[in-house]
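Close look at the chain arrangement
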Amino acid sequence: MTRSGEDEPLADVDATIAAALRFMRRRFTGQYEIDVYGFDRELTEQVLLPLARPLYRSYWRVRTLGMEHVPSESGGLIVGNHSGTLPFDAIMVKIALLDEHPAHRHLRELAADLALRVPFVGPLARKTGNTLAHTEDALRLLRSGELVGVWPEGFKGIGKHYRDRYKLQRFGRGGFVEVALHAQVPIVPVAIIGAEEIYPMVADVRWLARLLGLPYFPITWQFPLLGPLGVAPLPSKWVMEFGEPIETTGYGPEAADDPMLVFELVDRVRDTIQRMLSRNLKERRSIFF
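Here's what I pulled together on the structure shown here. (Residues numbered from 1 in each chain as written. Predicted model: local features only at pLDDT ≥ 70, side-chain atom pairs only at ≥ 80, totals over all residues. Heavy atoms only, no water.)

This part covers the overall build of the protein chain. A count of helical and extended segments in the protein chain gives 10 helices and 9 strands. The C-alpha atoms of the protein chain give 21 Å as radius of gyration, which agrees with the globular expectation for 289 residues (19 Å, within 12%). Principal-axis analysis of the C-alpha atoms places the extent of the protein chain at approximately 75 × 50 × 40 Å. Classification of the 289 residues of the protein chain by burial places 47% in the buried group. Pairs at least 24 apart in sequence give 76% of the contacts found in the protein chain among residues at least 6 apart. Positive and negative charge centroids in the protein chain, built from 35 and 36 side chains respectively, lie 6 Å apart. (Helix = DSSP H or I, 4+ residues; strand = E, 2+ residues; numbered from the N terminus. Rg over C-alpha atoms; globule rule 2.2 N^0.38 Å. Buried < 20%, exposed > 50% of the residue type's maximum accessible area, 1.4 Å probe, protein only. Contact = heavy atoms within 4.5 Å. Lys, Arg positive; Asp, Glu negative; His and termini not counted. Charge placed at Lys NZ, Arg CZ, Asp CG, Glu CD.)

Okay, the sheet that holds strand β4 (residues 131–132) next. The strands making up a sheet associate through hydrogen bonds between their backbones, and the pairing can be parallel or antiparallel. The 7 strands lie next to each other as β1-β9-β6-β2-β5-β3-β4, forming an open sheet whose pairing is mixed. Edge positions in the open sheet fall to β1 (63–65) and β4, since each of these has one partner strand only. Strands in contact with helix α3 (residues 88–99) are β1, β2 (76–80), β3 (107–111), β5 (147–150), β6 (187–193) and β9 (239–242); relative to β3, the strand with the most contacts, it is inclined by about 160°. Sitting on the sheet, helix α8 (residues 175–183) touches β2, β5 and β6, and the angle it makes with β2 is about 165°. (Pairing = 2+ DSSP bridges. Axes fitted to C-alpha atoms, helices over the stretch in contact; angles between N-to-C directions.)

On to the nonpolar core, then. Of all hydrophobic cores here, the largest spans 35 residues; its most connected members are L77, V79, F176 and I273. At the level of secondary structure, the elements contributing two or more residues to this core comprise β2, α6 (135–143), β5, α8, β6 and α10 (259–283). Beyond its immediate chain neighbours, meaning those up to four positions away, L77 contacts L142, V148, V150, F176, A180, V185, P186, I187 and V188. Formed by 28 residues, the second largest nonpolar core is a distinct cluster that contains Y56, M67, V93 and F242. (Core = buried A, V, L, I, M, F, W, Y, C linked by side-chain atoms within 4.5 Å.)

Right, let's talk about empty space enclosed by the protein for a bit. Inspection of every chain in the model, using the stated rule, returns 1 cavity of 30 Å³ or more. Roughly 50 Å³ of internal volume is contained in the largest cavity. Considering the residues around the largest cavity, the lining is formed by G84, T85, G157, I158, K160, H161, Y162, R165, E196, Y199, P200 and M201. Residue composition of the lining of the largest cavity, grouped by class: 5 nonpolar, 4 polar and 3 charged. (1 Å grid on protein atoms, 1.4 Å probe; cavity = no way out; pocket = protein on both sides within 12 Å on 5 of 7 lines; lining within 4 Å. Points joined across faces, edges and corners; volume = space filled by probe spheres on them. Nonpolar A, V, L, I, M, F, W, Y, C, P; charged D, E, K, R; others polar.)

What follows is about the pattern of salt bridges. Per the counting criterion, the structure on display carries 11 salt bridges. Notably, a salt bridge pairs R41 with E45, separated by 4.0 Å at the nearest N-O pair. Within this pair, R41 and its partner E45 are both found in helix α2 (residues 41–59), separated by 4 residues, close to a single helical turn. R41 sits in the partly exposed class, given a relative accessible area of 41%. The exposure class assigned to E45 is partly exposed, which follows from its relative accessible area of 35%. A single salt-bridge network, built from bridges that share partners, covers D35, R108 and E146. (Salt bridge = Lys/Arg side-chain N within 4 Å of Asp/Glu carboxyl O.)

Let's shift gears to a negative patch on the surface. Taken together, the side chains of E178, E254, D257, D258, E264, D267 and D271 make up a negatively charged region of the molecular surface. By residue number, the principal contributor to the negative patch is α10, which donates 3 residues. Topologically, D271 is positioned in helix α10. Relative accessible area serves as the criterion here: at 38%, D271 is assigned to the partly exposed category. (Patch = residues over 30% accessible without salt bridge, like charges linked within 9 Å, V, L, I, M, F, W, Y side chains within 5 Å. Areas by Shrake-Rupley, 256 points an atom, 1.4 Å probe, with all protein chains shown as cover.)

As structure tokens, this is what we get:
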């Protein structure tokens, strides 16, 4: 006679298979929802992010701090440093907010046009909630209570040399601050330690980048020296800190038209992230452990 404890693994397998079959049936019959930006919540939660979750939990062993500073229900603008040659940091922030935040929040990231035009990658990015970095789209998302992620350094951040690691690049003209002021949502700075070391970039072949229509063409510690193995990122240990929110409601939406105030807030956000980076770097004892 089989004991109930021995039946539990079989029951778990049966439940997993049944859930997978229900998922496939919904996909084949079109019984799933995609919003106007292309975000497919079910595909993101059940297929796409689970593929990246082992990187978050086991490979880079991401440690999160300050998650209590992220709004639980209302809109908010998440602003972070960008690095790593390939934008894995944005994916890890997305997983952190979904897995570690008590409200399990999705991050709707604003992406550059080039990123969304890359074959295969671009459509998948839209499926996970990314959309074009456009003011009106950002405002609609924030006003509907979504968390929106921006990376003001852009390609200058992810494509910088290893010698410039953890030195923030220019934050642009402050469009993200104007959006936060118009929407009257808090700006939550996030500082990410560890992404700089996954693909240490030692050179940029600019003529080849121009030929291929890319913002940069990296030479890293791994690539092209190790051939196909060079595409594997290094297993650095990550720390991700969400800082105290910078409120915008005290200024009012009309403050978005004040360029001096906008520049002041841009500098404040940038300085806050740089201070968090510097503090966490001082506390780090090893890149990989």
